Amino acid sequence: DTEVTQTPKHLVMGMTNKKSLKCEQHMGHRAMYWYKQKAKKPPELMFVYSYEKLSINESVPSRFSPECPNSSLLNLHLHALQPEDSALYLCASSQIGQDYEQYFGPGTRLTVT
Amino acid sequence: SQQGEEDPQALSIQEGENATMNCSYKTSINNLQWYRQNSGRGLVHLILIRSNEREKHSGRLRVTLDTSKKSSSLLITASRAADTASYFCATDKRGGGSYQLTFGKGTKLSVIP
C-alpha cells in the first residue's frame, strides 16, 4: 500500500469555526509533512514530524495546530482562520534519512469564508 | 524563499514531441527530485538524482544534474496527452535534517493531442 489518504477532500469554513484535516498512511513511514499550496504556486512546507515528534515548524501562525497521534496519523487543527488561508493542504510521508522520496496525499481544498 | 526555479514557466508541445524543463537552485544539496502534479491534485514523485550522480533515466524520463552550475533538467521523450501537468523540482538541503524539501515554482506542461 503506497497510498496517503486525506479527509475531507473539500472543506468550507467560517472564520470562527474549528475544523480538522486528517491524513493517514500505512507505509511505515516515520516522517510526515504538512504543506500549503496556493493556486499556481509550489507547495510550501508548514510542519514536519519525525518519529511522531514535531521537528520543523516553518513559522506557521498558531491558528494552525498540528498533531501526530501515532505513526500512521497526522492531523491539522484549524481555528480562527483568515480568508487568505484558503488553499490546497497537502499531507506527505517518507522514510527518514537522506535520499528518500515523499508520498503525497490528494490534498484538502480549504475555503475560508 | 524558494530554492528551485524552473524554466520555462509554461510549455506547450504536440503529442510525440520531447519536452525539456530546467531547474536552477542556490545552495548545496543532498539530492534533487522531480514531481508531477495534475491539476489541483497531490504530487507524484517521478525521479530522484543524488548530488554525486550526473544523469538518471526512468522510462521516458531523463534527468541531468550539474552541481557546478547548480542546475538540473528533466526531459520527457515522446510526450503523451496524459503528461499534461505541472512539474516541480525539489531540493533536499544538505545538512538540513535530510528531509526538508524546497520546491521550485514549477513548469506547466500542456501536450496537445
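All values reported here derive from a predicted model rather than from experimental measurement.

J.: Help me understand the environment of T108(A), please; the structure alone is not making it clear to me.
T.: All names here are of chain A. Mapping T108 onto the fold places it in strand 11 (residues 108-112). Residue T108 is classed as buried on the basis of its relative accessible area of 0%. C-alpha of T108 to C-alpha of L90: the two residues are 18 residues apart in sequence and 6.6 Å apart in space. A polar contact of 2.5 Å, which involves the side chain of T108, links it to the backbone oxygen of P8.

J.: When you look at the nonpolar core in this model, what are you seeing that I'm missing?
T.: Proteins that are soluble and globular tend to have nonpolar side chains buried together. Of all hydrophobic cores here, the largest spans 23 residues; its most connected members are W34(A), F64(A), L76(A) and L78(A). Once residues within four sequence positions are removed from consideration, F64(A) is found in contact with M46(A), F47(A), L76(A), H77(A), L78(A), L81(A), D85(A) and Y89(A). Judged by nonpolar contacts, the second largest core, of 21 residues, contains I13(B), M21(B), I29(B) and I47(B).

J.: How should I be thinking about the interface of chain A and chain B in this particular structure?
T.: Frequently, the measure chosen for interface size is the accessible area that the parts lose on association. If you look at the interface, chain A gives 26 residues, while chain B gives 22 residues. Across the chain A to chain B interface the summed buried area is about 1,900 Å²; carbon plus sulfur atoms make up 55%. Looking at the side of chain A facing chain B, the largest losses of area belong to P42(A), D99(A) and F104(A), adding up to 27% of the total buried there. Counting every contact that joins chain A to chain B gives one salt bridge. We note a salt bridge from R50(B) to D99(A), for which the minimum N-O separation is 3.0 Å.

J.: Got a minute to help me understand the state of the cysteines in this structure?
T.: Note: disulfide means a covalent bond formed between the sulfur atoms of two cysteine side chains. Summed over all chains, the structure comprises two disulfides over all chains. The side chain of C23(A) participates in a disulfide bridge whose partner is C91(A); the two sulfur atoms lie 1.8 Å from each other. Measuring the twist about the S-S bond at about -70 degrees, one finds the C23(A)-C91(A) disulfide to be left-handed. Here C23(A) is found in strand 3 (residues 18-25), whereas its partner C91(A) is found in strand 9 (residues 87-94), with 68 residues between them in sequence. For C91(A), a relative accessible area of 0% gives the class buried. Between the sulfur of C23(B) and that of C89(B) lies a disulfide, 2.0 Å long from S to S. Residues C23(B) and C89(B) are joined by a disulfide whose S-S torsion is about 65 degrees; by sign, that bridge is right-handed. Highlighted residues: C23(B) in strand 3 (residues 19-24) and C89(B) in strand 9 (residues 85-93), separated in sequence by 66 residues. Given the relative accessible area of 0%, C89(B) is considered buried.

J.: Teacher, can you tell me more about the layout of surface pockets here?
T.: Empty space among the atoms becomes apparent when a probe as large as a water molecule is rolled across them. The computed volume of the largest pocket comes to approximately 630 Å³. The wall of the largest pocket is formed by 25 residues, among which A39(A), K40(A), K41(A), S86(B) and K108(B) lie closest to the centre. At the level of secondary structure, the elements contributing two or more residues to the lining of the largest pocket comprise strand 9 and strand 11 (107-112) of chain B. The element contributing the most residues to the lining of the largest pocket is strand 11 of chain B, with four residues. Across the lining of the largest pocket, the residue classes break down as seven nonpolar, 11 polar and seven charged.

Rules of the game
- Within each chain, residues carry numbers counting from 1 in the order of the written sequence.
- Chain A is the first chain written and ligand 1 is the first ligand written, with later ones labelled in order.
- Residue-level local features of this predicted model are given only where pLDDT is at least 70; pairs of side-chain atoms are given and counted only at 80 or more, and the full residue set underlies all totals for whole chains, interfaces and linings.
- Side-chain descriptors were evaluated using all non-hydrogen atoms of the structure, hydrogens and water having been removed beforehand.
- Helix and strand assignments follow DSSP, with helices taken as H or I runs no shorter than four residues and strands as E runs no shorter than two, numbered in order from the N terminus.
- Only protein chains enter the calculation, and the probe is 1.4 Å; a residue is then buried if its accessible area is under 20% of its type maximum, exposed if over 50%, and partly exposed in between.
- Contacts described as polar in this section are N or O atom pairs within 3.5 Å, which, within protein, must combine one atom able to donate a hydrogen with one able to accept it, while residues neighboring in sequence count only if both atoms come from side chains.
- Residues belong to a common nonpolar core when they are buried Ala, Val, Leu, Ile, Met, Phe, Trp, Tyr or Cys residues joined through side-chain atoms within 4.5 Å.
- In this description, contact between two residues means that some pair of their heavy atoms is separated by no more than 4.5 Å.
- Put simply, buried area is how much 1.4 Å-probe accessible surface two parts lose in total, over both of them, once they are put together.
- For salt bridges, the criterion is a side-chain nitrogen of Lys or Arg within 4 Å of an Asp or Glu carboxyl oxygen.
- Note that a disulfide, as used here, is simply two cysteine sulfur atoms within 2.5 Å.
- Residues are called lining when one of their atoms sits within 4 Å of a cavity or pocket point, these points coming from a 1 Å grid over the protein atoms alone, where a cavity is a set in which a 1.4 Å probe fits but cannot get out and a pocket is an open set with protein on both sides within 12 Å along at least five of seven lines.
- Grid points are joined across faces, edges and corners, and a volume is the space filled by probe spheres set on the points.
- Under the grouping applied here, Gly and all other residues not named as nonpolar or charged are polar, the nonpolar ones being Ala, Val, Leu, Ile, Met, Phe, Trp, Tyr, Cys and Pro and the charged ones Asp, Glu, Lys and Arg.

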